[in-house]
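Coordinate inspection notes
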Amino acid sequence: MGERIIDPATEGWAASWYEASARARLDGLLDAGSFREVIGPEQRRMSPHLPLFDLPRAFDDGMIVGSGRLDGKPVLVAAQEGRFMGGAFGEVHGAKLVGLLRAALALKPDAVLILFDTGGVRLQEANAGETAIAEVMRAITQVRAAGVPVIGLIGGRAGAYGGGGLIAGTCSRLVVSEGGRISVSGPEVIETNRGAEEFDSRDRALVWRTMGGKHRRLTGGADAYADDTVRAFRQAALDAIARAPAFDLATLEAEQKRLEERLARFGDCRDATEIWGRLGVNDPAAVPALTTAEFDALLAGLGETTHDAR
Amino acid sequence: MESLTFRHTTQKALPGAKAQAITGVVASGNLEVLLERALPASECTVEIETPIRGYGEVWAAVVADFVARAQPGGLRITVNDGGARPDTVSLRLLQGARLMEV
Amino acid sequence: MTRAKTTLSEILSSLFPEGHAVTVTNGLVSGEGPFRGGRLAVIGIDGDVPLGVEGACRLAADVLDVVRRGNRTPILVAIDSDSQRMSRRDELLGLNEYLAHLAKTLLLADAQGHPTVGLIYGHSAAGAFIATALATRILVGLPGANPSVMDLPSVARVTKLPLERLEAMAKDMPVFAPGLDNMVRTGAVQAVLDPARPLAEQIAAVIDALPAEDTRDRAGRERGGRPVAEAIAAQVVRDASLG
């Protein structure tokens, strides 16, 4: 495996998660010097397909996997680089995550951490990417059933879109920051298919309150809300490992109930602010501007958004 | 895609003992540089894959300037280019060489 | 090459010659029929309908009902759908959770001993495909089916490559081109069934030969549609260790 390879952009724990590269995130998330990469860039296991589209390749295909320690606990980690091909799932990219999850079944780490940063399937390798996403979801449920929590961390520039959103929904716990968007169809996709009246993708405030971290946390789509710093994600990941739900019939029945209740309660809402109002938020319009401390205080008064039904 | 390879002789080996390093990301206007201490002390190679064809002379000049400034003897350098400007390329190459000197 | 697709009612008649209790409501397929002395549960999507939050929730409830009743009843997931429903409302309500939940119910059923078989007989795409047919232990197809991630004109728009060039590339690049044959070569679809033979015995044979583990990447390598995925995953398993 050789020597650890790092990116000089690492600026320590205060660095912005959103701005950091995937390597810098891993470097700051894990205990210092503990990351050991598997299939590192020196092995040059790049996409066999991108050159046919005249597109440049990356040494790690935008997916960095390996092992490390989190406050001393042994963990397996995967990080997507959202700036390379939008962090999208291609053949090599997806297979590295599939392999990591299969390794987790044998190694039984304290957790598997997935640092999402993806637009979904890489169209140039669409069938391979889509199949890999299905393999990842199957493997995640097997890892969870074996008692190993799978924690998703979402705060990258590409968010967790398309199949990435489905994988996120399969994890035991999700940590999001303000910038972490979770969705299946992205704003541009909806606008292209349905028109700007349905979704104006240039309306960033609309994007944030429909798919962003605060909305997902308020509605129970994510379990923890973190500041946009590597330090905050590290602490949130540690907290999440300690209280991950099992993967069994009771959990999925509870999730069924939770999702049915959401439809019954909010199914006629047109905007996120209506949902927040019905949740009991006194001033929904003020939510986007709340600091993390203010937002956490708000959440503390809305117990129902915290659950084990995932 | 266009592939370019440049071989240079250096006066000395790059200091430091680090075996390998990577810097940068393959994105529009950016590039990644992988550096490996894999060659005899007086040699350096730079291999480039770029989607922008026809800029071989510019690459040759940027690489020659880098070799003269950094004296990266012993390094095998591999570049995946996302269409970076020459000044960005220079910066990343020098950044990479500094990482190897740690 | 272009064959008329088999209809859902033809499929159900061929599966359940003695009759069945499978119904279709707003494109959502649900019910069961007699099968090998027991029952075969069926869920699915018919009529190229997109899958939104309500549909995914309904189908997931049906799967959980089957799991709750136990008996290792096999589940067939029959799919002729559009992609996920693309709307502001669906995303506002957390479509990713609903689709993931549906997939998880199928994966849980599988883990609890219910054989799960996907049957793609029409279209399907993207999130709807991942949440349904691709979440089964094994996926088979019928001639005329047309699964895709995205159609080529849309791919052309996103990749900014000329459509004519993509069409030419699609002929020998199964890794990205739409269509059943390409999903077979990628390993996602294990086999294509023969619509002229009774489906009951063909599905029974598929269930009897269920692989013990996920073999899609191996099939992808053997069939040339995903040349490196299996080796990459295997290398990660081999090289990973807890430090």
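You'll find chain B entered in an unreviewed UniProt entry as Malonate decarboxylase acyl carrier protein, with Methylobacterium radiotolerans given as the organism. According to its UniProt record, chain B has this under Subcellular location (unreviewed entry): "Cytoplasm".

1. Section: the overall build of chain B
Along its length, chain B carries two helices and five strands. Listing each helix as α and each strand as β along chain B from the N terminus yields β-β-β-β-α-β-α. By the compact-globule yardstick of 13 Å for 102 residues, chain B fits well, its C-alpha radius of gyration being 12 Å. Along the first, second and third principal axes, the C-alpha atoms of chain B reach 35 × 25 × 20 Å. In chain B, which comprises 102 residues, the proportion classed as buried is 40%. For chain B, long-range pairs separated by at least 24 residues make up 86% of all intrachain contacts whose partners lie at least 6 apart in sequence.

2. Considering the overall build of chain C
Each helix and strand in chain C was counted, giving 11 helices and nine strands. In summary, chain C has a C-alpha radius of gyration of 18 Å against a globular reference of 18 Å for 243 residues, a match within 12%. Taken along the three principal axes of its C-alpha coordinates, chain C extends 50 × 45 × 45 Å. Looking at the 243 residues of chain C, the share that counts as buried comes to 54%. Sequence-distant contacts, at least 24 apart, represent 67% of the contacts inside chain C between residues at least 6 apart.

3. Brief notes about the interface of chain A and chain B
Taken together, the contacts link 18 residues of chain A with 20 residues of chain B. Across the side of chain A that touches chain B, the residue classes tally to nine nonpolar, two polar and seven charged.

4. A look at helix 1 (residues 8-15) of chain C
All names here are of chain C. Along helix 1, the residues classified as buried are Leu8, Ile11, Leu12 and Leu15. Within helix 1, the buried residues cover an arc of 95 degrees as seen down the axis, which keeps them to one side. On its buried side, helix 1 packs onto strand 1 (21-25), strand 2 (28-35), strand 3 (38-51), strand 4 (75-84) and helix 9 (199-208).

5. Section: the pairing of strand 3 (residues 31-37) of chain B
Residue and element names in this part refer to chain B. In terms of burial, strand 3 is largely enclosed, as five of its seven residues are buried. One ladder, built from five bridges, connects strand 2 (residues 20-24) with strand 3; its direction is antiparallel. Residue pairing for strand 3: Ala21 is matched across the bridge by Leu35. Examined bridge by bridge, strand 3 and strand 5 (residues 75-81) share seven bridges and lie antiparallel to one another.

6. A short note on the sheet that holds strand 4 of chain C
All names here are of chain C. Taken together, seven strands build an open sheet; the order of strands is 1-2-3-4-5-7-9 and the sheet is mixed. Across the chains shown, the open sheet's two edge strands, defined by having one partner strand only, are strand 1 and strand 9 (191-192). The sheet contact formed by strand 1 and strand 2 spans five bridges and is antiparallel. Across the sheet, Ala21 pairs through a bridge with Glu32, a residue of strand 2. The sheet contacts of helix 2 (residues 53-69) involve strand 2, strand 3 and strand 4, and relative to strand 3 the element is tilted by about 175 degrees. With respect to the sheet, helix 9 is in contact with strand 2, strand 4, strand 5 (116-120) and strand 7 (138-141), its orientation differing from that of strand 5 by roughly 135 degrees.

7. Thoughts on the interface of chain A and chain C
Each side of the interface is counted separately: chain A has 79 residues, and chain C has 70 residues. The dominant element in the side of chain A that touches chain C, judged by the number of residues it contributes, is helix 3 (residues 126-145) of chain A, at 13 residues.

8. Looking at helix 10 (residues 216-223) of chain C
What helix 10 of chain C keeps buried is the set C:Arg216, C:Asp217, C:Ala219 and C:Gly220. Buried residues of helix 10 of chain C, seen end-on, are gathered within an arc of 160 degrees and therefore sit on one face of the element. Buried positions along helix 10 of chain C lie against helix 2 (91-107) and helix 3 of chain A together with helix 8 (180-186) and helix 11 (229-239) of chain C. Following helix 10 of chain C by one or two positions, C:Gly224 has its phi on the positive side, about 85 degrees.

9. So, the environment of C:Arg68
Residues and elements named next belong to chain C. Within the element layout of this structure, Arg68 appears in helix 2. Note on Arg68: 9 C-beta atoms within 10 Å, which makes it exposed. Residues Arg68 and Ala109, spaced 41 residues apart in sequence, show a C-alpha to C-alpha distance of 9.3 Å.

10. Digging into the nonpolar core
Ranked by size, the top nonpolar core spans 196 residues in total, and within it A:Leu100, A:Val112, A:Val175, A:Ala237 and C:Ala103 carry the most contacts. Look past the residues within four positions of A:Leu100 in its chain and what remains in contact with it is A:Val65, A:Leu76, A:Ala78, A:Val112, C:Val236 and C:Ala240.

11. Notes on the sheet that holds strand 2 (residues 63-70) of chain A
Residue and element names in this part refer to chain A. Taken in spatial order, the seven strands make up an open sheet running 1-2-3-4-5-6-7, and their pairing is mixed. Two strands in the sheet have a free side with no partner beyond their single neighbour: strand 1 (36-38) and strand 7 (224-226). Strand-to-strand twist of the sheet, defined as the mean angle between neighbouring strand axes without regard to direction, takes the value 25 degrees. With four bridges connecting them, strand 5 (residues 150-154) and strand 6 (residues 173-177) associate as parallel partners. Residue pairing across strands places Gly152 opposite Leu174, the latter belonging to strand 6.

12. So, unusual backbone geometry
Even without being a glycine, A:Asp71 presents a positive backbone phi close to 50 degrees. On the secondary structure map, A:Asp71 appears in the loop between strand 2 and strand 3 (73-80). The exposure class assigned to A:Asp71 is partly exposed, which follows from the 13 C-beta atoms found within 10 Å. Positioned with a positive phi, C:Arg36 is a non-glycine residue whose angle comes to about 50 degrees.

Criteria and cut-off values
- Residue positions are given per chain, counted from 1 along the sequence in the order it is written.
- For naming, the first written chain is A and the first written ligand is 1, with later ones following in the order written.
- Per-residue local features are limited, in this predicted model, to residues with pLDDT of at least 70; the limit for side-chain atom pairs, both in listing and counting, is 80 or more; totals at the level of whole chains, interfaces and linings are taken over all residues.
- UniProt positions are given in the numbering used here, feature names are shortened, and annotations may be inferred rather than shown by experiment.
- The helix and strand labels rest on DSSP assignments: H or I over at least four residues marks a helix, E over at least two residues marks a strand, and numbering proceeds from the N terminus.
- For this measure, only C-alpha atoms enter the radius of gyration; the expected value for a globule follows 2.2 Å times N^0.38, where N is the number of residues.
- Exposure criterion: with C-beta atoms placed from backbone coordinates, a residue whose C-beta has 20 or more other C-beta atoms within 10 Å is buried, one with 12 or fewer is exposed, and one in between is partly exposed.
- Residues are treated as contacting if the C-beta atoms built from their backbones sit within 7 Å of each other.
- Here the term charged refers only to Asp, Glu, Lys and Arg, the term nonpolar to Ala, Val, Leu, Ile, Met, Phe, Trp, Tyr, Cys and Pro, and the term polar to all other amino acids, Gly among them.
- Arc definition: it is the arc formed by the directions from the helix axis to the C-beta atoms.
- In this scheme, strands are said to pair when DSSP sees at least two bridges between them.
- Here, axes are lines fitted to C-alpha atoms. For helices the fit covers the stretch in contact, and angles between N-to-C directions go from 0 to 180 degrees.
- Here, a nonpolar core denotes buried Ala, Val, Leu, Ile, Met, Phe, Trp, Tyr and Cys residues that are linked to one another through C-beta atoms within 7 Å.

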